[in-house]
Amino acid sequence: MKQRSNSVRLIALGAAAVLGLAACGGGDSASDDTVAEEATEEVVEETATGTGNDCTAGKTLAEGKLTIATGNPAYEPWVVGDAPESKEGFEAAVAYGVAEEMGFSDENVVWVRTGFDEAIQPGAKNFDFNLQQFSITEERKANVTFSEPYYSTNQAIVGLADSAAAGATKVSEMRDLKFGAQAGTTSLDFITKVIQPNTEPFVYDDNAAAKAALEAKQVDAIVLDLPTALYVSAVEIEGSKVIGQFPLSDQVGADNFGMVFDLNNPLVECVNEAISRMRDLTYELISIEETWLSGYTGAPVISLD
Amino acid sequence: MLVAVVLLVPRMPRWDRVKKSFFDVDQMRDSFPRLIDAFWLDVKIFAWTTPAIFVLALLIALARNSRSPALFPLRALAAAYTDVMRGVPVILWIYLVGFGVPGLGLERPYNSPLLWGSVALGMTYSGYVAEVFRAGIDSVHESQRAAARSLGLSSAQTMRFVVLPQAVRRVVPPLLNDLVSLQKDVALVSLIGPIEILRQAGIDKAKFANFTPYVVAALIFLAVTIPLTRLTDYLWQRERRRTSGTRVAA
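All of these numbers come straight from a predicted model, not from anything done at the bench.

Engineer: What is the right way to read the packing of helix α10 (residues 197-208) of chain B against helix α11 (residues 212-244) of chain B from this model?
Structural biologist: Any two packed helices are characterised by how steeply their axes cross, that is the angle between the axes, and by the distance between the axes. Residues and elements named next belong to chain B. Relative orientation of the contacting elements α10 and α11 amounts to 160 degrees, with a least axis distance of 8 Å. In terms of their interaxial angle, α10 and α11 are classed as roughly antiparallel. Our pair here, α10 against α11, has a crossing hand that is right-handed. From α10, I197, L198, A201, D204 and K205 reach across to α11, where they touch P213, Y214, A217 and I220. When its residues are assigned to classes, the contact of α10 with α11 shows 7 nonpolar, no polar and 2 charged.

Engineer: Could you clarify how one ought to interpret the pairing of strand β6 (residues 155-160) of chain A in this entry?
Structural biologist: Remember that side chains alternate between the two faces of the sheet whenever the strand is regular. Residue and element names in this part refer to chain A. Within β6, 6 of the 6 residues are buried, which leaves it mostly tucked inside the rest of the structure. Side chains Q155, I157 and G159 project from β6 onto one buried face, and the interleaved A156, V158 and L160 project onto a second face that is buried too. In terms of strand pairing, β6 meets strand β9 (residues 221-225) through 5 bridges, oriented antiparallel. Paired with I157 across the bridge in β9 is V223.

Engineer: Would you take a moment to explain the sheet that holds strand β8 (residues 202-204) of chain A for this structure?
Structural biologist: Backbone hydrogen bonds hold the strands of a sheet together, and the pairing may be parallel or antiparallel. All names here are of chain A. Across the sheet, 5 strands lie side by side as β8-β7-β9-β6-β10; this open sheet has mixed pairing. Of all the strands in the sheet, the pair left with one neighbour each is β8 and β10 (240-245). For this sheet, the mean angle separating the axes of adjacent strands, direction not counted, is 35 degrees. Bridge analysis of strand β7 (residues 179-182) against β9 gives 3 bridges, and the strand direction is parallel. Paired with F179 across the strands is A221, a residue of β9.

Engineer: I would appreciate a short explanation of the interface of chain B and chain A in the present structure.
Structural biologist: Reports of interface size often rely on the accessible area that becomes lost once the parts have come together. In this assembly, 24 residues from chain B lie in contact with 26 residues from chain A. When residues of the side of chain B that touches chain A are traced back to their parent elements, those giving at least two are α2 (15-22), α5 (90-103) and α10 of chain B. The leading source of residues in the side of chain B that touches chain A is α10 of chain B, at 6 residues. Of the residues belonging to the side of chain B that touches chain A, the class tally is 12 nonpolar, 6 polar and 6 charged.

Engineer: Which parts of the structure should I look at to understand helix α10 (residues 284-293) of chain A?
Structural biologist: All names here are of chain A. Buried within α10 we find L285, I288 and W292. Seen from one end, α10 has its buried residues packed into an arc of 60 degrees, which puts them on one side. Among the exposed residues of α10, those oriented more than 90 degrees off its buried face are I286 and E290. If you follow the buried residues of α10, they end up packed against α4 (90-101) and α9 (267-281).

Engineer: Whenever I open this one, unusual backbone geometry confuses me. Can you help?
Structural biologist: A negative phi holds for most residues other than glycine; trans holds for most peptide bonds. Put simply, N72 of chain A and P73 of chain A share a cis peptide bond, and its omega is 0 degrees. Looking at the element boundaries, P73 of chain A is found in the loop between β1 (66-70) and α4. Following E76 of chain A, the chain continues to P77 of chain A via a peptide bond in cis, the omega torsion being 0 degrees. Mapped onto the elements, P77 of chain A comes out in the loop between β1 and α4. You will see that Y283 of chain A, though not glycine, has its phi angle at about 55 degrees, which is positive. Looking at where Y283 of chain A falls in the secondary structure, it is placed in the loop between α9 and α10. Given 12 C-beta atoms within 10 Å, Y283 of chain A falls into the exposed group. Even without being a glycine, A209 of chain B presents a positive backbone phi close to 50 degrees. Look at A209 of chain B and you get buried, because 25 C-beta atoms sit within 10 Å.

Engineer: Got a minute to help me understand the environment of A80 of chain B in this structure?
Structural biologist: Looking at the element boundaries, A80 of chain B is found in helix α4 (residues 72-87). A residue is classified by how many C-beta atoms lie within 10 Å of it, and A80 of chain B, with 10 of them, is exposed.

Engineer: Looking at this structure, I do not really get the packing of helix α9 (residues 172-185) of chain B against α11 of chain B. What am I missing?
Structural biologist: All names here are of chain B. Contact pair α9 / α11: the axes reach a minimum separation of 11 Å and the direction vectors enclose 170 degrees. As summarised for this structure, α9 and α11 are arranged roughly antiparallel, according to the angle between their axes. Facing V172, P173, L176, V180, Q183 and K184 of α9, the residues of α11 in contact are F221, T225, T229, T232 and W236. For the contact of α9 with α11, a count of residues per class yields 6 nonpolar, 4 polar and 1 charged.

Engineer: It is not clear to me how the confidence of the model for chain B should be interpreted in this structure. Could you clarify?
Structural biologist: Within chain B, residue pLDDT values average 91, and 100% of them lie at 70 or more. Note on the complex model: pTM 0.77, ipTM 0.80.

Engineer: Help me understand the pairing of β7 of chain A in this model?
Structural biologist: Residue and element names in this part refer to chain A. Residues F179 and A181 of β7 are buried on one face, and the alternating residues G180 and Q182, pointing to the opposite face, are buried as well. Pairing geometry for β7 and β8, over 3 bridges, is parallel. Paired with Q182 across the two strands is Y204, which belongs to β8. For the crossover from β7 across helix α6 (residues 186-195) to β8, the handedness is right-handed.

Engineer: Where do I start with the nonpolar core in this structure?
Structural biologist: One broad rule of soluble globular proteins: the nonpolar side chains tend to lie buried together. Formed by 135 residues in total, the largest nonpolar core has its most connected members in V158, A213 and I222 of chain A. Top contributing element to this core by residue count: helix α6 (residues 113-139) of chain B, with 11 residues. Here this core spans two domains, and each of domain 2 (66-151 + 256-296) and domain 3 (155-245) of chain A adds at least three residues to it. Not counting chain neighbours up to four residues away, the residues in contact with I222 of chain A comprise V158, F179, G180, A181, A210 and L214 of chain A.

Conventions we followed
- Residues numbered from 1 in each chain as written.
- Chains lettered and ligands numbered in written order.
- Predicted model: local features only at pLDDT ≥ 70, side-chain atom pairs only at ≥ 80, totals over all residues.
- Axes fitted to C-alpha atoms, helices over the stretch in contact; angles between N-to-C directions.
- Helix = DSSP H or I, 4+ residues; strand = E, 2+ residues; numbered from the N terminus.
- Parallel < 35°, antiparallel > 145°, perpendicular 65-115°, else oblique.
- Left-handed = near helix turned anticlockwise from the far one by under 90°.
- Contact = placed C-beta atoms within 7 Å.
- Nonpolar A, V, L, I, M, F, W, Y, C, P; charged D, E, K, R; others polar.
- Buried ≥ 20, exposed ≤ 12 C-beta atoms within 10 Å, placed from the backbone.
- Pairing = 2+ DSSP bridges.
- Arc of directions from axis to C-beta.
- pLDDT = per-residue confidence, 0-100.
- Right-handed = clockwise from strand over helix to strand, strands pointing away.
- Core = buried A, V, L, I, M, F, W, Y, C linked by C-beta atoms within 7 Å.
- Domains from an automatic or database assignment.

Have a look at this one:
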């Protein structure tokens with residue numbers, strides 16, 4: 001039943017998008033005329049007001065509005081210029097794409113800012129969903145609900161161009177290096193489990209501290225997800241470069257980014273639907289990725305030996 | 001009040017979620033060994049900074065209490081040191097000394113964040129502790145000095161054998177106060193890299209999206225500070241009984 005109404009809505013949405021609203025009423029070729037008629041009318045009403053669809057009704061924080069959280073500040077290339085409202089940057093574009101799929105017009109998307117901790121605290125949330133490169137992990141699922149992944153990435157290593165790390169091409173050459181990572185990221189886990197350096201890694205709250213540690217030669221290299229690594233090395237840490245990216249393998253799974261919801265928030269189903277449509281049906285996800293992240297994937301591959 | 005909390009809090013609508021986020025028993029068991037390991041680093045930093053702080057603070061307090069007119073620059077310098085050290089946030093000192101000094105071009109191991117983080121802690125805390133010592137020294141009545149000098153003790157001997165022993169005894173409680181505070185501020189060294197207990201708790205928090213590791217860290221801190229405080233209280237009371245002679249019951 002649910003499946004059916006979804007697919008009907010899907011057809012209707014597609015039709016509405018392609019033909020425009022006026023053309024929609026008459027020329028629908030679905031076999032069950034009355035159902036299609038109803039669905040179409042519904043879509044017309046929804047898009048007219050842009051306050052969500054059937055699925056989202058009653059599930060959002062503020063009726064008819066979609067409240068989305070991002071980091072404070074939000075970093076590039078995920079959000080350009082710390083201004084998600086501009087729709088610029090990968091996550092900003094994905095957020096508006098999801099909102100559109102769920103029938104929210106741009107003016108009904110409300111942005112709030114949270115830190116990582118506010119996103120995972122047990123109390124009521126001030127957002128419908130939160131996207132700021134949260135990695136989906138089994139451990140975290142006990143306390144928050146994740147959407148399906150909207151992006152998958154791998155880890156990369158950044159070091160100063162003249163550092164001991166600069167020439168490394170395989171993991172076995174990296175064991176004697178001193179590593180740094182950002183607190184609360186999966187990169188730290190990656191260092192201890194995959195690289196297994198001989199000394200304990202250092203951990204920093206932000207890129208500013210990691211940069212200072214690199215410059216003070218307290219660490220030789222830092223590990224970050226690839227797009228962040230490429231951005232950080234190009235823009236934030238002068239004199240640094242991406243020494244390489246780590247390939248995925250049986251032992252190293254991809255780092256999947258998901259949106260964070262309050263535990264068991266039913267809205268996640270609507271968002272998952274939107275994401276899978278954007279991924280498999282409209283290919284919008286891949287085009288957003290090409291727009292905002294195409295410059296952020298090139299780096300030599302490091303051997304896991 | 002306590003009864004009200006114990007009875008009412010579990011009836012709140014989202015208590016289950018809070019309980020799971022802060023008091024998850026499985027999470028406690030899982031994080032505990034890692035946190036204890038990391039706590040060892042706190043203990044080490046604490047152990048090597050404390051003696052340095054006491055020595056430095058005492059020297060500063062003595063400098064500030066010097067009385068010779070010729071030593072005015074020393075007094076001014078000591079006063080300026082305590083003002084600046086106490087007036088600037090500890091975090092800034094840790095960043096500035098922990099990243100700044102090694103950034104000047106020191107090589108490993110002399111650029112260690114542990115080393116320079118400890119130096120930053122020592123600098124700030126010696127400012128606070130110097131003031132405590134100074135208050136202790138000032139609290140010793142002037143007649144004690146007068147008596148000691150009239151017995152033929154030099155100015156330095158008076159300080160060493162008459163004033164300081166009394167002064168230090170009097171300031172044991174505020175000193176302990178500063179030590180407890182230092183023990184928690186040791187965690188700030190994690191800002192420049194080293195993984196100590198609060199950082200490890202933060203890592204576990206992020207990994208499991210659960211705040212329970214912080215609660216475990218707090219319990220570990222309490223397990224150390226409470227016995228330490230009680231022990232010092234006891235020693236101090238014993239000292240008071242021994243030296244004050246009389247005691248009014250109630």
